[in-house]
Structures are given as C-alpha cells and as structure tokens.
Amino acid sequence: MPNYYQPEIETASREQILAWQNERLVKQVKHVWDNVPYYRQKMEEKGVTPDDIKSVDDLHKLPFLTKDDLRDAYPYGLMGKPLSECVRIQSTSGTTGRRVVAFYTQHDIDLWEDCCARAIVAAGGTKDDVCHVSYGYGLFTGGPGLNGGSHKVGCLTLPMSSGNTERQLQFMTDLGSTILCCTPSYAAYLAESIHEMGLRDKIKLKAGIFGAEAWSEEMRHDIEQKLGIKAYDIYGLTETSGPGVSYECSEQTGMHINEDHFIAEIIDPETGEVLPEGSKGELVFTSITKEAFPLLRYRTRDICVLTRKPCSCGRTHVKMSKPMGRSDDMLIIKGVNVFPSQIETVLLEQGYPANYQIIVDRVNHSDTLEVMVEMAPDKFSDSLADIAEQEKKLVNALKTMLGIYAKVRIVSPKSITRSEGKAVRVIDKRKI
Amino acid sequence: MSVHQISVFLENRAGQLAQITRLLADNAINMRAINIAETKDYGVLRLIVDDSEKATGVLLGAGCILNMTPVTVVVVPDEAGGLANVLDVLAEGNIDVDYMYSMFPHADGKACMVFRLKDENAFVSRLTAHGLHVATKAELGLK
C-alpha cells in the first residue's frame, strides 16, 4: 500500500535525486555568496568560491555553520532574502544567547509544508482524515509545520496546540480524530489518559506522527498498544525549517530525509571529516532550496547513521537513524533545547555557587528536570519562608531562561561531587 | 536582652544532624535549646548553646552555612496555662512572633521559651509591664 504525496519525487531514481542536488547546490552556493556576507566571508577565509562547487562531490570544501554562527549572526546575519520578501519567522525555545530565529519566504513555507505533507501521507494520511495537531503553535515549528502539511494533504485539520488534555480528548472523541501529531511524551500522556478514562472504544485514531524529542522503541510500542495505532517518527530543526526534514514510512526503520531539499552528511565531530555511509557521526545538513534562511553545511550536533539500503516502502531517499546522542552538551527536555551553561548563568545571576548538578529523568513517559544547587551563605536565613522565597525566585528565573519548569533542590555547601577531572554536571537517567 | 541563636542549614539527608551534634560534643559545647524547621529537601537547625562563639567557629570550620540570630528568652511559670498567659499578653498587644520553641529547663525549675521577633523592644516592654520576666544571658548561663 504505497502512500506518497509526491510520488515522482519520493521514489525518484538515485541518479535523478543526485541530479537535483547537484543543480540546486550550485545555485544555492551562488545565492548565498551573493546575498549572505557572513557566509561569503567564511568561504573566503577557506579560499573557496562558488566556482569550486560544481556538484555534491565538492560539498566538503564548504565551511561548516554551527549554532555559534547563528548566535553571532543573530538576528539578520544569515538571511538570503530581504525582509520585505519574508512572510514568517519561527524560533527555537532557547534564550538570548542560544535563540535561533529562522526566516521564511512564502516559497520556503510551501516547501516546508510539502515535506510535512509527505510525512502525513507516509503515515497513511489522506484528505478523508481528521488530523489532530497537538504540537505547540506559535514560534515553535511543530504546530505550524504539521498544520500546513495537513492542509496540503487536505485533511480536516484540528489546530489544537498543546495542553488542556480534557479538551484534546473531547475533540478527539467528538470529531473522530484519525491522525495525532504531537511530541511522543504528550502522546504517551494522552494514551494513558484515554486508557484510564476508558475512552479507547470512542477514539478513531489510526496513526500518530511524533517528534521534537527522543523516544525509544519501548515507548513506541507502548503508545501503539494503548492507542491501537501506528506511531511514526518525524525529525527536523528550526534551523532547516522545522519538522519534516525527515520522516518515517511504514517500515519504521529510520527516517527518509527529503533529499530534494536537504543534502545530509555524516562527519566526525572532532575532525570535521566526512564519513562513509553507515558510519556513526554528526549529522550535517545543507538546505538547497531554502531562500530566506539558506544554511550550508549546518552542524546539527545530532549523532546518527545514514543508510541508502532500499526500503520496502519504495522511497529512494536516504534514511537516518533516530539520533543516538549529541556531540555537544545540549539536552532535549520536553522537546526543549537546554544547555547546562544556561542553568549556570541563572545560578550565578541569582547569587548561587556555580557548582550544580542537573538530573534529567523520565517519569510516566514525561521528562523531568531537577537542578541540585548548593546553599550559599547569603541565601541562608533562620526563616524557612525566606529561603523558600529565594528558591521560588530561582525557579522562576530558570523557567524564564529555559522555557520549562525545573525543580530546584537545595543541598549542603560543597556536597555536589567535585571530581578530580571534569565535573559531572548532567545525570541523564532517561532510557532512550 | 537578646541571646544568640545559631541557625544552621541542614540538608535532609541521613546523618546530617548526627554530624553536627557530634561535632559540638567533641568540642564540649552544651546545647541549651534545639529546634528544627524543615521542608522536604532541607531544614534550618536552630540552636542555643552555652558558648555560641566557640560553636560558630567550630561549625564554620566544618563548612556549615549558618548565621547568628538574636532571639529573646522568656521565663514562663511551669504550670498549666503558663504559656497561654504569655501569648495572650502578646496577642492583646499585637506583638508579632516569627517562631518560638522551648528551652531545656532553667536551673530553678522554671520553663523558658525562645522567641524570634521582629520588634524586641515592644515585646520586652509589653511583657515586663505585665510582670513577666525576660531572661538575660547571665541568668541562662550563656557566654
């Protein structure tokens, strides 16, 4: 049962895909050279000009872009089109230092929505479906991306956004939602609620498209069992547009990267050297069709493996494994990017020692974040109410910085292990 | 009139309190009053000891976080209604009390209550006007 949104693209021959990539890459490099002085300077520093890039084989000659570049160039430094031609921004949840703001022309939005539409159709979506989008709407790309994809497929789209579980379940039962799009942890939470409330017979879900955070095969199995659906993974990042950079097909053995829009490479995160197919390394994307935010060789920091083994679904686009980790210290908690350095900044600002420990866990399929903080002399009082007041201020400051709630646990001074070597700042107990 | 209370940060972990009391014992410091206010994760240990300066040095040397808090000790008749009378006097005078706890018995068998106050002067004048006695350090045998 082949489900394709754009069959001529999704099942194109390898030669055809490569031809598209060669042509689009050459054009994109010229576009960037002419319009993005920041990247042009990086190319000049490396002694590369657009004339050196004749095909995908030359891609390795181009300099990388990293999150630091995005920060340096914030907000307009990497734009490929004037603001007057842009129609939208989306942004990561990060804070001043790490925030990524991505720009889109109408053309960019169209292509992004096409990518999401491919994911929805691959999950069995048709115009007869009721697509229930419980990703957050707003600056976060999840809601707008899947919403647009759902429109393209012609599904009846329920722009639920996240939260208010009671209303989610009411719409789901009353309007007969058939496809659920949200983070896997929220899907697990909804599944649990449906199970507890005995609503299983009243829901018509057949598939789920879950992304924006890491999830395990056990979690997939659990959600599939509880909801009686097939659960599909989807991948993306704001820097490259949002969800839909890659998505799972019926085989559920990896996510097909939309290679007509993105060229994927796997590199050694230490040396930057490109690794052969099948190697584990850092995923790097080059956007070859984006106009407003055309990132070349963007280092995602996600560690994964690519494979071009033929897929039973008939799609010919390369597949990536689920990310197996990160090459930096970024944590993804409840779908939100969290850097330990952000927590450190808040602690110092609030007058606490920078000796801290972050404990991440997953309780009932939902991520939890706890920050262990050492008591400081000037934060101490003989009154518990005063200490609690200080603690509340810290919790609020962390929430403002991270965008998610972190439980604070105040411990004795100098009690957090200061090992001889590197401090253990993060304990991630999640089994993914 | 106030005496020194040592307030110590105490993480809610097995052995924390034992460590501190052992440390005081090893330095021949006698505790005259002890109180703990706690949350789930941590607490504040409030101590009155015979030699607060020495105790502070010992505890700081052991890496404790603490501060010295002025508190007021009131002698209360050791009989039914003894404390109630004192609190009635305070309530009628609109005197705020942050917290209070009892002290180990006074030499003459009278009970002592420790008060943490916002306004010690108002407290003392109100009580003495009603014939109640606020104890001095010397009377309590504290350095």
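Residues numbered from 1 in each chain as written. Chains lettered and ligands numbered in written order. Predicted model: local features only at pLDDT ≥ 70, side-chain atom pairs only at ≥ 80, totals over all residues. Heavy atoms only, no water.

A. Broad picture of the overall build of chain A. Counting secondary structure elements, chain A contains 11 helices and 20 strands. A globule of 432 residues ought to have a C-alpha radius of gyration of about 22 Å, and chain A, at 23 Å, matches this closely. When its C-alpha atoms are laid out on the principal axes, chain A stretches across 75 × 60 × 40 Å. Counting across all 432 residues of chain A, residues that qualify as buried make up 58%. Considering only contacts in chain A between residues 6 or more positions apart, those separated by 24 or more positions represent 65%. As presented, chain A carries roughly 18,000 Å² of accessible surface, and 51% of it is formed by carbon and sulfur atoms. Positive and negative side-chain charges in chain A, numbering 52 and 60 respectively, have mean positions lying 1 Å apart. (Helix = DSSP H or I, 4+ residues; strand = E, 2+ residues; numbered from the N terminus. Rg over C-alpha atoms; globule rule 2.2 N^0.38 Å. Buried < 20%, exposed > 50% of the residue type's maximum accessible area, 1.4 Å probe, protein only. Contact = heavy atoms within 4.5 Å. Areas by Shrake-Rupley, 256 points an atom, 1.4 Å probe, with all protein chains shown as cover. Lys, Arg positive; Asp, Glu negative; His and termini not counted. Charge placed at Lys NZ, Arg CZ, Asp CG, Glu CD.)

B. Summary view of a nonpolar patch on the surface. Residues and elements named next belong to chain B. A cluster of nonpolar side chains, contributed by Ile-34, Ile-36 and Phe-104, occupies part of the molecular surface with about 230 Å² of accessible area. Here Ile-36 is to be found in strand β2 (residues 31-38). Taking the relative accessible area as the measure of exposure, Ile-36 reaches 38% and is therefore partly exposed. (Patch = residues over 30% accessible without salt bridge, like charges linked within 9 Å, V, L, I, M, F, W, Y side chains within 5 Å. Salt bridge = Lys/Arg side-chain N within 4 Å of Asp/Glu carboxyl O.)

C. Summary view of the pairing of strand β7 (residues 230-237) of chain A. Residue and element names in this part refer to chain A. With respect to burial, β7 is a largely interior element, 6 of its 8 residues being buried. Bridge count between strand β6 (residues 207-211) and β7: 5 bridges; the pairing is parallel. Looking across to β7, one finds that Ala-207 is bridged to Lys-230. As for the winding sense of the linkage, the β-α-β connection from β6 through helix α9 (residues 217-227) to β7 is right-handed. (Pairing = 2+ DSSP bridges. Right-handed = clockwise from strand over helix to strand, strands pointing away.)

D. Up close: the domain arrangement of chain B. All names here are of chain B. When cut into domains, chain B gives domain 1 (3-68) and domain 2 (71-140). Using only C-alpha atoms to locate each centre, domain 1 and domain 2 end up separated by 23 Å. Taken together, the contacts link 10 residues of domain 1 with 11 residues of domain 2. Where domain 1 abuts domain 2, roughly 1,100 Å² becomes buried across the two surfaces, and 57% of that area is made up of carbon and sulfur atoms. When the buried surface of domain 1 facing domain 2 is broken down by residue, Val-3, Gln-5 and Arg-32 rank first, second and third, together holding 55% of it. Our count for the contact surface shared by domain 1 and domain 2 stands at 0 salt bridges. (Domains from an automatic or database assignment. Buried area = accessible area lost by both parts, 1.4 Å probe.)

E. Geometry of the nonpolar core. Residues Leu-62, Leu-283, Phe-285 and Met-320 of chain A are the most contacted members of the largest nonpolar core, which totals 48 residues. Setting aside anything within four residues of it in sequence, one finds Leu-62 of chain A in contact with Val-29, Tyr-39, Met-43, Lys-46, Val-48, Ile-53, Leu-296 and Arg-297 of chain A. (Core = buried A, V, L, I, M, F, W, Y, C linked by side-chain atoms within 4.5 Å.)

F. Geometry of the sheet that holds strand β19 (residues 407-411) of chain A. Residues and elements named next belong to chain A. Here we have 4 strands laid out as an open sheet, ordered β19-β18-β17-β20, and mixed in their pairing. Looking at strand neighbours, the two that pair on one side only are β19 and β20 (426-428), the edges of this open sheet. Adjacent strand axes in the sheet meet at a mean angle of 20 degrees, parallel and antiparallel pairs treated alike. As paired strands, strand β17 (residues 356-363) and strand β18 (residues 366-374) are joined by 8 bridges and run antiparallel to one another. Each residue of the ladder has a partner; that of Tyr-356, found in β18, is Val-373. Its contacts with the sheet put helix α11 (residues 384-402) on β18 and β19, and the angle it makes with β19 is roughly 135 degrees. (Axes fitted to C-alpha atoms, helices over the stretch in contact; angles between N-to-C directions.)

G. Seen up close, the domain arrangement of chain A. Residue and element names in this part refer to chain A. Domain parsing of chain A yields domain 1 (7-328) and domain 2 (336-428). Between the C-alpha centres of domain 1 and domain 2 the distance comes to 32 Å. At the interface, 13 residues of domain 1 touch 12 residues of domain 2. Carbon and sulfur atoms make up 48% of the area that domain 1 and domain 2 hide from each other, which totals about 1,000 Å². Here domain 1 is connected to domain 2 by 0 salt bridges. Our enumeration of links across domain 1 and domain 2 arrives at 1 residue pair in polar contact (both at pLDDT 80 or more). Where the side of domain 1 that touches domain 2 is concerned, the elements lending two or more residues are α8 (184-196) and α9. Its residues assigned to classes, the side of domain 1 that touches domain 2 comprises 4 nonpolar, 4 polar and 5 charged. (Polar contact = N/O pair within 3.5 Å; in protein donor to acceptor, adjacent residues only side chain to side chain. Nonpolar A, V, L, I, M, F, W, Y, C, P; charged D, E, K, R; others polar.)

H. Expanded view of the environment of Glu-374 of chain A. Residues and elements named next belong to chain A. For Glu-374, the position within the fold is in strand β18. Separated by 44 residues in the primary sequence, Glu-374 and Met-330 have C-alpha atoms spaced 23 Å apart. A polar atom in the side chain of Glu-374 sits 3.0 Å from the side chain of Asn-355. Polar contacts involving the side chain of Glu-374 include one to the main-chain amide nitrogen of Ser-415, which spans 3.1 Å.

I. Structural view of the packing of α8 of chain A against α9 of chain A. Residue and element names in this part refer to chain A. One can describe the packing of α8 onto α9 by two numbers: an axis separation of 9 Å at closest approach and a directional angle of 35 degrees. At the point where α8 passes α9, the crossing takes the left-handed sense. Taking contact as the criterion, the partners of Pro-184, Ser-185, Ala-187, Ala-188, Ala-191, Glu-192, Ile-194 and His-195 in α8 are, on α9, Met-219, Ile-223, Lys-226 and Leu-227. Residue composition of the contact of α8 with α9, grouped by class: 8 nonpolar, 2 polar and 2 charged. (Left-handed = near helix turned anticlockwise from the far one by under 90°.)

J. Representation of the packing of helix α5 (residues 106-122) of chain A against helix α6 (residues 142-153) of chain A. Residue and element names in this part refer to chain A. Where α5 contacts α6, the axes come no closer than 7 Å and their chain directions differ by 75 degrees. When the axes of α5 and α6 are compared, the pair comes out roughly perpendicular. Between α5 and α6, the contacting residues are Asp-110, Trp-112, Glu-113, Asp-114, Cys-116, Ala-117, Ile-120 and Val-121 on the first element and Pro-144, Gly-145, Leu-146, Gly-148, Gly-149, Ser-150, Lys-152 and Val-153 on the second. (Parallel < 35°, antiparallel > 145°, perpendicular 65-115°, else oblique.)

K. Here's a closer look at the pattern of salt bridges. Applying the stated criterion across every chain yields a total of 35 salt bridges over all chains. Arg-14 of chain A serves as the salt-bridge partner of Glu-259 of chain A, at 2.7 Å between the closest nitrogen and oxygen. One end of the pair, Glu-259 of chain A, is in the loop between β9 (255-257) and β10 (262-267); the other, Arg-14 of chain A, is in helix α2 (residues 14-35), and 245 residues separate them in sequence. Among the salt bridges present, the one from Lys-407 of chain A reaches Asp-41 of chain B, with a minimum N-O distance of 3.0 Å.

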